[in-house]
Amino acid sequence: MPLTHTRDLFAKALRGKYALGAFNVNNMELLQAIIEACEEEKAPVMLQISKGARQYANPVYLKKLIEAAVSLSNVPIAVHLDHGDTYDLCKQCIDEGFTSVMIDASHEPFAKNVEITKKVVEYAHKHNCVVESELGHLVGAQFDEGEEGGAHSTSGHYTEPDEAVSFVKETGCDSLAVAIGNSHGAYKFKGTQHLDLERLKLIKKALLDAGLGDYPLVLHGASSVPKDLADEINKYGGKLGADTAGVPEADIEIARRVGCTKVNIDTDLRLAMTAAIRKVFAENPKEFDPRKFLGPARTKVKELVRHKIKDVLCCAGHAFD
Ligand code: G3H
Ligand code: 13P
Ligand code: ZN
């Protein structure tokens, strides 16, 4: 089975009102864990590769690993560049056959973000690829401390609904990553901070009212940072801070219902892998066969992915719709 186009996965997800899990891939065990879970749960999946993953594993290794996954499995698989930071990187990935790329120029002023995104969109659309862009800036909510506004920052980092409409119209991007208090990593919130889901609803509505239809939104930073994983890591010698915090799964479910069609998860996979590996070494410090620690790590990531796709994203069972 060849790759499935991101465009087709999005269209089905929008129709079926489920979210696609976009899981980051850096090595073979992560890939196997994701694909095995999706295969068993009959879920479509987006594999996403960051610039750092390409530097770590080498693009050719990742491409060949994904080719193996595609040939060994039956579920629809799309391949996406996560946080492409330049036109050239996006172009390289488009030329390599990625079915979608993200151009992340969200740190730039609006006009510059439009200009860079537009350039990527023009090249991508000529080469059968679709583009995710980001508007607003994913500053961790924890960095917004001290700003006015209590639970949420009132800084200009959040996506403004009217700007989202102009941005999509001006750039022609195919999906939009929003900044609604989300952030990457294991320390997302402090105190009563949480996602601004009302803003998400307003963004979705503004796009609909502007004639852009059921426009797909993307939620970055969607790891829930489960407490049991953080506790397990620390129990076996880790030193994660007491203030780890992720997005509650109930909020991800609301985001899915409001219209986040692609939900990005990386940190939770890293935590699961780390917890399993630490456990092996804590219980058997003499172990030195990588299969004996990477195997349990793969199993733990697989169970985590299974939980996400079944219980949170609701894409399980939709592989062959
Ligand atoms: O959003 C970032 C992803 O978690 C990828 O992280 O750039 O360390 O590969 P990375
Ligand atoms: P997390 O750090 O919450 O897993 O977010 C990952 C992500 O957004 C990748 O683009
Ligand atoms: Zn991200």
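Scroll up a little and you will see the structure.
Source: prediction; values computed, not measured.

S.K.: Describe the overall build of the chain, naming the residues involved and giving the relevant values.
M.R.: When helices and strands are counted, the chain shows twelve helices and eight strands. For 321 residues, the compact-globule estimate of 2.2 N^0.38 gives 20 Å, and the C-alpha radius of gyration of the chain, at 19 Å, lies within 12% of that figure. Principal-axis analysis of the C-alpha atoms gives the chain an extent of 60 × 50 × 35 Å. For the chain, long-range pairs separated by at least 24 residues make up 76% of all intrachain contacts whose partners lie at least 6 apart in sequence. As displayed, the chain has an accessible area near 14000 Å², and 55% of this comes from carbon and sulfur atoms. Looking at the chain, you have 39 positive and 46 negative side-chain charges, and the mean spots of the two groups are 5 Å apart.

S.K.: Could you give an account of the site of ligand 2, naming the residues involved and the relevant values?
M.R.: Every one of the 15 residues lining ligand 2 counts as a neighbour, but Asp82, Lys188, Ser223, Asp266 and Thr267 are closest to it. Here an oxygen atom of ligand 2 sits 3.1 Å away from a polar atom, N or O, in the side chain of His184. Between Asn264 and ligand 2, the recorded distance is 3.1 Å, taken from a side-chain N or O atom to an oxygen atom. Its free accessible area being 300 Å², ligand 2 has 97% of it covered by the protein chains.

S.K.: So what's going on with the coordination of the zinc ion (ligand 3)? Which residues, and what values?
M.R.: Around the zinc ion (ligand 3), the protein contributes the donor atoms His83 (NE2), His184 (NE2) and His220 (ND1), at 2.1 Å from the metal centre. Each donor residue of the zinc ion (ligand 3) belongs to the same chain, with the gaps between them written as H-x100-H-x35-H. Of the two residues, His184 is situated in the loop between strand E6 (175-178) and helix H8 (197-212) and His220 in the loop between strand E7 (217-219) and helix H9 (227-235); the sequence distance between them amounts to 36 residues. The class of His184 is partly exposed, set by a relative accessible area of 44%.

S.K.: Give me the site of ligand 1: which residues, what numbers.
M.R.: Ligand 1 sits among Asn24, Ser50, Asp82, His83, His184, Asp266 and Arg270. Residue Asp266 places a side-chain N or O atom 2.6 Å away from an oxygen atom belonging to ligand 1. Contact between ligand 1 and Arg270: an oxygen atom at 3.1 Å from a side-chain N or O atom of the residue. Considering ligand 1 on its own, with 300 Å² of exposed area, one finds that the protein chains cover 67% of that surface.

S.K.: Which residues make up the side chain of Ser223, and what values do they have?
M.R.: Structurally, Ser223 is set in the loop between E7 and H9. Judged by its relative accessible area of 2%, Ser223 is buried. From its side chain, Ser223 meets the backbone nitrogen of Asp268 in a polar contact 3.0 Å long. The residues contacting Ser223, other than those within four sequence positions of it, are Lys188, Gly246, Val247, Asn264, Ile265, Asp266, Thr267 and Asp268.

S.K.: Go over the packing of aromatic side chains, please, and point to the residues and values.
M.R.: Scanning the model with the defined rule gives three aromatic pairs in all. Taken together, a centroid distance of 5.9 Å and an interplanar angle of 70° make the contact between Phe110 and Phe167 edge-to-face. One end of the pair, Phe110, is in helix H6 (residues 110-126); the other, Phe167, is in helix H7 (residues 161-171), and 57 residues separate them in sequence. The partly exposed category is assigned to Phe110, whose relative accessible area is 28%. Note that Lys119 overlies the ring of Tyr87, its terminal NZ or CZ placed 4.2 Å from the centroid.

S.K.: Describe the pattern of salt bridges, listing the residues and the values that go with them.
M.R.: Applying the stated rule across the entire model yields 25 salt bridges. Put simply, Glu40 and Arg306 hold a salt bridge, and the shortest N to O gap is 2.7 Å. Residue Glu40 is found in helix H2 (residues 28-41), and its partner Arg306 is found in helix H12 (residues 290-312); the two are separated by 266 residues along the sequence. When its relative accessible area of 43% is taken as the criterion, Glu40 is described as partly exposed. By relative accessible area, Arg306 is classed as buried at 16%. When the shortest N-O distance is used, the salt bridge between Asp196 and Arg199 registers 3.2 Å.

S.K.: Give a detailed account of H7, specifying residues and quantitative values.
M.R.: In an α-helix, one turn spans 3.6 residues; hence positions three or four apart end up facing the same way. Considered for burial, the residues of H7 that qualify are Pro161, Ala164, Val165, Phe167, Val168 and Thr171. Relative to the axis of H7, the buried residues are bounded by an arc of 165° and lie together on one face. Projecting away from the buried face of H7 at angles above 90 degrees are the exposed residues Asp162 and Lys169. Tucked inside the fold, the buried residues of H7 contact H6, strand E5 (130-135), E6 and H8. Positive backbone phi, at 75°, marks Gly172, one or two positions downstream of H7.

S.K.: Provide a residue-level description of the sheet that holds E5, including the pertinent values.
M.R.: Pairing is parallel in the closed barrel, where eight strands are placed in the order E1-E2-E3-E4-E5-E6-E7-E8. Taken pair by pair, the neighbouring strands of this sheet meet at an average axis angle of 25°, ignoring direction. Bridge count between E5 and E6: four bridges; the pairing is parallel. From the neighbouring strand, Glu132 faces E6, where its bridge partner is Ser175. Running over the sheet, H7 touches E5 and E6 and is turned about 150° from E5.

Rules behind the numbers
Residues numbered from 1 in each chain as written. Chains lettered and ligands numbered in written order. Predicted model: local features only at pLDDT ≥ 70, side-chain atom pairs only at ≥ 80, totals over all residues. Heavy atoms only, no water. Helix = DSSP H or I, 4+ residues; strand = E, 2+ residues; numbered from the N terminus. Rg over C-alpha atoms; globule rule 2.2 N^0.38 Å. Contact = heavy atoms within 4.5 Å. Areas by Shrake-Rupley, 256 points an atom, 1.4 Å probe, with all protein chains shown as cover. Lys, Arg positive; Asp, Glu negative; His and termini not counted. Charge placed at Lys NZ, Arg CZ, Asp CG, Glu CD. Near = heavy atom within 4 Å. Polar contact = N/O pair within 3.5 Å; in protein donor to acceptor, adjacent residues only side chain to side chain. Donors = N, O, S within 2.8 Å, 3.2 Å for Na, K, Ca; no water. Buried < 20%, exposed > 50% of the residue type's maximum accessible area, 1.4 Å probe, protein only. Phe/Tyr/Trp six-rings, centres within 6.5 Å; stacked < 30°, edge-to-face > 60°. Lys NZ or Arg CZ within 6 Å of the ring centre and 35° of its normal. Salt bridge = Lys/Arg side-chain N within 4 Å of Asp/Glu carboxyl O. Arc of directions from axis to C-beta. Pairing = 2+ DSSP bridges. Axes fitted to C-alpha atoms, helices over the stretch in contact; angles between N-to-C directions.

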